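Given next are the chains, with one letter for each unit.
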Amino acid sequence: MNRTVEIALPTKWGAFRMIAYSDTEDDPMPHLALMSENFDPSTTNLLRIHSECMTGDVFGSKRCDCGEQLDMAMQMVSREGGLVIYLRQEGRGIGLINKLKAYHLQEQGLNTADANTHLGLEIDARQYGIAVHILQDLGVKRIKLITNNPDKIRALEESPIQVVGRVPVVIPPHKDNQAYLDTKKDLMGHLLYSNGEKQSDS
């Protein structure tokens with residue numbers, strides 16, 4: 001996994017630099033690192049590892065909170081300094097077509113976890129070793145992780161990268177994603193709070 005190209009990327013959140021990482025020069029779906037204008041690898045940086053969600057990130061789907069989490073993370077990183085690593089592992093690693101098949105099953109009453117297992121797939125097939133590789137390539141040694149996902153915390157804590165804290169991403173639930181968020185919290189152990197529960201970061 002190598003750097004293939006680096007560019008300046010002005011965005012609605014602020015100025016970033018984007019680096020594409022891939023195994024080949026013509027990879028149509030490289031992983032991406034977006035560093036804020038005030039990114040300094042020698043300091044403790046805010047980090048969001050965000051797995052691709054085309055329906056949420058691009059089309060603003062309300063079935064999940066992914067696009068809202070990305071928006072919030074980009075704002076925080078731009079303001080406080082750090083980076084967002086965008087991993088091309090759509091649908092928690094099952095790909096877009098299988099994700100849409102899982103959505104179809106959810107419309108028939110299954111939750112997001114059971115829909116995946118009904119299709120013979122893992123509930124969460126994502127891997128974070130590539131993110132660790134990118135951080136090491138950029139010289140990052142200490143991070144505050146923007147996440148609600150305990151799997152990401154464990155993956156970084158088991159790496160050479162020092163995790164000095166966690167920043168929760170609290171997105172208010174609504175009728176279209178309440179059941180989805182409840183499943184993530186109750187069955188997948190995500191550290192989020194719905195149904196009016198008090199926010200806590202422990």
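Residues numbered from 1 in each chain as written. Predicted model: local features only at pLDDT ≥ 70, side-chain atom pairs only at ≥ 80, totals over all residues. Heavy atoms only, no water.

1. Describing the pairing of strand 6 (residues 142–146)
Keep this limit in mind: Pairing between two strands is assigned when DSSP locates at least 2 bridges connecting them. A helix here means a DSSP run of H or I that spans at least four residues, while a strand means a run of E at least two residues long, and both kinds are numbered starting from the N terminus.
With four bridges joining them, strand 4 (residues 44–51) and strand 6 adopt parallel strand pairing. When the bridges of strand 6 are listed, Leu-47 appears paired with Leu-145. Relative to strand 7 (residues 162–167), strand 6 runs parallel, the two being bridged by five bridges. Bridged to Arg-142 within strand 7 is Gln-162.

2. Some words on the state of the cysteines
Defined as follows: Any cysteine sulfur atom paired with another within 2.5 Å is treated as part of a disulfide. To sort residues, take the accessible area from a 1.4 Å probe on protein chains only and compare it with the maximum for the residue type: under 20% means buried, over 50% means exposed, and anything in between is partly exposed.
Using the criterion set out here, one finds zero disulfides in the structure. Free of any disulfide, Cys-53 has its nearest cysteine sulfur in Cys-64, 3.8 Å distant. Left without a disulfide partner, Cys-66 is nearest to the cysteine sulfur of Cys-64, which lies 3.6 Å away. Residue classification places Cys-66 among the buried positions, given a relative accessible area of 15%.

3. Description of the sheet that holds strand 5 (residues 82–87)
How we decide: For every element, the axis is a line fit to its C-alpha atoms; helices are fit only across the contacting stretch, and the angle between N-to-C directions ranges from 0 to 180 degrees. Here a residue-residue contact requires only that any non-hydrogen atoms of the pair lie within 4.5 Å.
What the seven strands build is an open sheet, ordered 1-2-3-5-4-6-7; its pairing is mixed. A strand with exactly one partner marks an edge of an open sheet, and here the two such strands are strand 1 (2–10) and strand 7. Put simply, the sheet's adjacent strands are angled 25° from each other on average, direction ignored. Sitting on the sheet, helix 2 (residues 66–80) is in contact with strand 2 (15–22), strand 3 (31–36), strand 4, strand 5, strand 6 and strand 7, with an inclination near 160° to strand 4. Where helix 7 (residues 150–157) meets the sheet, its contacts fall on strand 4, strand 6 and strand 7, and the angle it forms with strand 4 comes to roughly 125°.

4. Here's the deal with the nonpolar core
Condition: We define the nonpolar core as a collection of buried residues of types Ala, Val, Leu, Ile, Met, Phe, Trp, Tyr and Cys that are connected through side-chain atoms lying within 4.5 Å of one another.
Leu-47, Ile-49, Leu-83, Ile-85, Leu-135 and Leu-138 are the most contacted members of the largest nonpolar core, which totals 22 residues. For this core, the secondary-structure elements that each account for two or more residues are strand 2, strand 3, strand 4, strand 5, helix 6 (129–137), strand 6 and helix 7. Take this core: its biggest share by element is four residues, from helix 6. Excluding its chain neighbours within four sequence positions, the residues that come into contact with Leu-135 are Leu-47, Leu-83, Ile-85, Val-140, Leu-156 and Ile-161.

5. Brief notes about the side chain of Thr-55
Inspection of the secondary structure puts Thr-55 in helix 1 (residues 54–58). Under the relative-accessibility criterion, Thr-55 is labelled buried at 16%.

6. Observations regarding the confidence of the model for the protein
Should pLDDT be low for a region, the predicted coordinates there are not to be read in detail. Condition: Every residue is assigned a pLDDT by the predictor, reflecting its confidence on a scale from 0 to 100.
With 86% of its residues at a pLDDT of 70 or more, the protein has an overall mean of 86. Confidence scores differ between elements of the protein, with helix 8 (residues 178–186) showing the lowest mean pLDDT of 57 and strand 3 the highest of 98. Note on residues 193–202: pLDDT is under 50 here. Beyond four places in sequence and across chains, it has 18 contacts.

7. Examining helix 4 (residues 96–107)
As a reminder of what qualifies: Expected span of a helix, by definition, is 1.5 Å for each gap between consecutive residues, and there is one gap fewer than residues. Here the arc refers to the directions that run from the helix axis out to each C-beta atom.
Counted at 1.5 Å a residue, the expected span for helix 4 with its 12 residues is 16 Å, and the 16 Å between its end C-alpha atoms agrees. If you check which residues of helix 4 are buried, you get Lys-99, Ala-102, Tyr-103, Leu-105 and Gln-106. Taken down its axis, helix 4 places every buried residue within 160° of arc, on the same side. Opposite its buried face, helix 4 presents the exposed residues Ile-97 and Glu-107, each directed more than 90 degrees away. Turning to helix 4, the residues buried within the fold contact helix 1, helix 3 (90–93) and helix 5 (112–118). One or two steps after helix 4, the chain reaches Gly-109, where phi turns positive at roughly 115°.

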